[in-house]
2 protein chains.
Amino acid sequence: MNPVLAVGSVAFDTIKNPFGEAARVVGGSATYFSVAASFFTDVRLVAVVGDDFGDSGASLFEGRKIDLAGLQTVPGETFRWKGEYGFDLNTRETIYTKLNVFEGFQPVIPEGYRSSPFVFLGNIHPRLQLDVLDQVTAPRLVAADTMNFWIEGTPDELGEVLKRVDVLIINDEEARELSRESNLVKAARALRAMGPCTVVIKRGEHGVLMTCSNDGEFFAAPAMPLEDVFDPTGAGDTFAGGFVGSLAACGEVSDATLARAIIYGSTLASFAVEDFSLDRLLSLTQEEITERFRYFKRLTYFDES
Amino acid sequence: MNPVLAVGSVAFDTIKNPFGEAARVVGGSATYFSVAASFFTDVRLVAVVGDDFGDSGASLFEGRKIDLAGLQTVPGETFRWKGEYGFDLNTRETIYTKLNVFEGFQPVIPEGYRSSPFVFLGNIHPRLQLDVLDQVTAPRLVAADTMNFWIEGTPDELGEVLKRVDVLIINDEEARELSRESNLVKAARALRAMGPCTVVIKRGEHGVLMTCSNDGEFFAAPAMPLEDVFDPTGAGDTFAGGFVGSLAACGEVSDATLARAIIYGSTLASFAVEDFSLDRLLSLTQEEITERFRYFKRLTYFDES
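Since the structure is predicted, the reported quantities are computational estimates derived from the model, not experimental observations.

Caption draft 1: Spatial organisation of the interface of chain A and chain B. Of the residues lining the interface, 33 residues belong to chain A; the matching set on chain B comes to 33 residues. Here chain A and chain B share an interface that buries about 3300 Å² over both sides, 51% of which is from carbon and sulfur atoms. Of all residues in chain A, the largest losses of buried area upon contact with chain B belong to Glu227, Lys297 and Phe302 of chain A, amounting jointly to 21% of the total for that side. One can count eight salt bridges joining chain A with chain B. Note that Asp303 of chain B and Arg260 of chain A form a salt bridge whose closest N and O atoms lie 2.6 Å from each other. Counting every contact that joins chain A to chain B gives 19 residue pairs in polar contact (both at pLDDT 80 or more). Top contributing element to the side of chain A that touches chain B by residue count: helix α11 (residues 286–300) of chain A, with eight residues. Tallied by class, the residues present in the side of chain A that touches chain B amount to 16 nonpolar, four polar and 13 charged.

Right, here's the structure in full:
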């Protein structure tokens, strides 16, 4: 098994939506990513929490293939985020973002992690993403996420990151903003020209669009048709976890394995939104993943004759 | 070959978009449908035009497998529609709709058409759709389209139509309005409960969602990733033409053939938007259709191991 090194945020989330409220639950990009990826391979988590995180927070990772040697605990409060969703869950308002100890986060990659063959750079400051890349030794694949805050605030440093990543995982709005192209096909091509050989555009309820081949071919997957979406929080990071985790597990990186990874990512994300926070992922089984992966095959399959 | 009976509108369109204007070009739901379906099988067109339509209008159907014995010409002006698109083509304003001779349209199905095995009821008054169903004898498959105007204005008659059609082809907004369900999965199920065994929801640039099996399974197809969309006019009717036309050509109606028909419909629609009005469809070749159908296969294919 190829382990995955994941660097990002671990936070306490408070999520309010029409169905209720989950207060001070463990969240953060690296948390969702790691739990999702750990269904496929060993995960090495690098993040920072405050001394309020404690065993209760860490217990969430127990019994999973998630190594916490890189989880720094420092004096102070853990990153906190509160979001409130509109009635149809398509709009989300951030009530507050308290970086707390995350503000001074300096990712330190433990010696034993530096040769990790698969690396995921969660949505953190591009400078920190570069720091991580300077500490790892020739990873086979580097995937990165980002957001409008960095696209607008630190475009030059983000540009440096893009030159050094193999896979950019980004949502459609951010893809348009970063590429300055309103058409997603043009946006994907423009983003590839910035460095990443593979561009994965997350379109939420509309699925995923990926371009990887040099001949400009695309792979497209619909989202799982869900009757009830309960909580979209972390769906994007969960997708990334399933995507990178399944790629690492299979070890080979090709158009075919990237396409399959898109479906594993979509599968994990489709579960994540079924309950508050990480709840559904925490009760998820390998059998359920296999069953829904096969459902995706039936969902999109057609024969040619 | 199983012929398809198509009933709907033939019109003169004037289309304005950021790229230019096409004035008084032949359009209408039955026109787009028939031209698209004629790539797969014989089409029997039933519609009405005014005496201003003339040979120039009819010439568009020449050399295609489209029988015009059911195309009534009556004194007066042909149905006219003018639409103007916003800069991103996602918004469209109807400048005018002049029903003209279409206002008094009474579909008369020629004797030789009444046993047509495949029937498409274009987006016309539900009462006229019922008139057509009263004139045909035991078709193997009836597909119908409708729009918000009828959903709001003549819900009872539309309800009668739904009880008698096998396939409802509808766009996402209309599906939500007709079913009163904001979630498309629930909407599709609710629409099936109204009568049609198969519900095809057109999502524009987001592809197509279909439910046909009794076990509530879905088939989903992404839209073709296009760098340039030139004119979306008629894309929905073109999709329906490729869908019903390819189904009729293969003759068998099953989940598998319905899924393949979705891809043929998507293929035809993806060409239709590449140029003004019908222009791209008129220059389209069977080879181009086959090539793009195969592209759709590569676009969505992933293997399971």
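Text resumes after the structure shown.
Caption draft 2: Layout of the relation of the copies chain A and chain B. Note on the copies: chain A fits chain B at an RMSD of 0.0 Å, the axial shift is 0.0 Å, and the rotation between them is 180°. Put plainly, the chains are arranged around a two-fold axis. When the interface residues of chain A are mapped onto chain B, 100% of them again fall at the interface, so both copies present the same face.

Caption draft 3: Geometry of empty space enclosed by the protein. Evaluated as defined, the whole model comprises one cavity of 30 Å³ or more. Considering only enclosed or pocket space, the largest cavity measures out at about 30 Å³ in volume. Around the largest cavity, the lining residues are Lys297, Thr300 and Tyr301 of chain A together with Lys297, Thr300 and Tyr301 of chain B. Looking at the lining of the largest cavity, the elements that each hand over two or more residues are α11 of chain A together with α11 (286–300) of chain B.

Caption draft 4: Focus on the packing of aromatic side chains. In the structure shown here, the tally under the stated rule is 23 aromatic pairs over all chains. Every member of this aromatic cluster is reached through a ring pair, and the members are Phe302 of chain A together with Phe40, Phe219, Tyr264 and Phe293 of chain B. One cation-aromatic arrangement involves Lys98 of chain B over Tyr96 of chain B; the distance from NZ or CZ to the ring centre is 4.4 Å.

Caption draft 5: Highlighting the pairing of strand β9 (residues 141–145) of chain A. All names here are of chain A. β9 sits mainly inside the fold: five of its five residues count as buried. Along β9, one buried face is formed by Leu141, Ala143 and Asp145 and the opposite face, lined by Val142 and Ala144, is buried too. Looking at chain direction, β9 and strand β10 (residues 167–171) are connected through three bridges and run parallel. Looking at β10, one finds that Ala143 is bridged to Val167.

Caption draft 6: Here's a closer look at the side chain of Arg292 of chain A. All names here are of chain A. Topologically, Arg292 is positioned in helix α11. Side chain to side chain, Arg292 and Ser270 meet in a polar contact 2.9 Å long. Discounting residues that sit within four places of it in the chain, Arg292 has contacts with Met224, Leu226, Thr267, Ser270, Phe271 and Glu274.

Here is what the cut-offs are and how they apply
The written sequence of each chain sets the order in which its residues are numbered from 1. Here the convention is simple: chains get letters from A, ligands get numbers from 1, in the order in which they are written. Reporting of local features is limited, given that this is a predicted model, to residues whose pLDDT is at least 70; pairs of side-chain atoms are given and counted only at 80 or more, and all residues count toward the totals for whole chains, interfaces and linings. Side-chain numbers come from the whole structure's heavy atoms, not from hydrogens or water. Throughout, a residue-residue contact means that at least one pair of heavy atoms, one from each residue, lies within 4.5 Å. The term buried area refers to how much accessible surface (probe radius 1.4 Å) is lost by two components on association, counted for both of them together. One side-chain nitrogen of Lys or Arg within 4 Å of one carboxyl oxygen of Asp or Glu is enough to make a salt bridge. Definition of a polar contact: a pair of N or O atoms within 3.5 Å, with one able to donate and the other able to accept a hydrogen when the atoms are protein atoms, and with sequence-neighbouring residues admitted only if both atoms are side-chain atoms. Under the scheme used here, helices are H or I runs from DSSP no shorter than 4 residues and strands are E runs no shorter than 2 residues, and both carry numbers assigned from the N terminus. Gly counts as polar in this scheme, as do all residues outside two lists: the nonpolar Ala, Val, Leu, Ile, Met, Phe, Trp, Tyr, Cys and Pro, and the charged Asp, Glu, Lys and Arg. Least squares is the method used to superpose the copies, on C-alpha atoms of residues holding a pLDDT of at least 70 in both. Buriedness of a pocket was judged along seven lines, with at least five required to meet protein on both sides within 12 Å; pockets are open sets of points on a 1 Å grid over the protein atoms alone, cavities are sets where a 1.4 Å probe fits but cannot get out, and lining residues have an atom within 4 Å of a point. Grid points are joined across faces, edges and corners, and a volume is the space filled by probe spheres set on the points. By convention, a stacked pair of Phe, Tyr or Trp rings (six-membered ring in the case of Trp) has centres within 6.5 Å and planes under 30 degrees apart, an edge-to-face pair has planes over 60 apart, and any other such pair is tilted. By definition here, charges over rings are those cases where NZ of Lys or CZ of Arg is within 6 Å of the ring centre and within 35 degrees of the ring normal. Relative accessible area decides the class of each residue, using a 1.4 Å probe on protein chains only: under 20% of the type maximum gives buried, over 50% gives exposed, and in between gives partly exposed. The criterion for strand pairing is that DSSP finds at least two bridges linking the strands in question.

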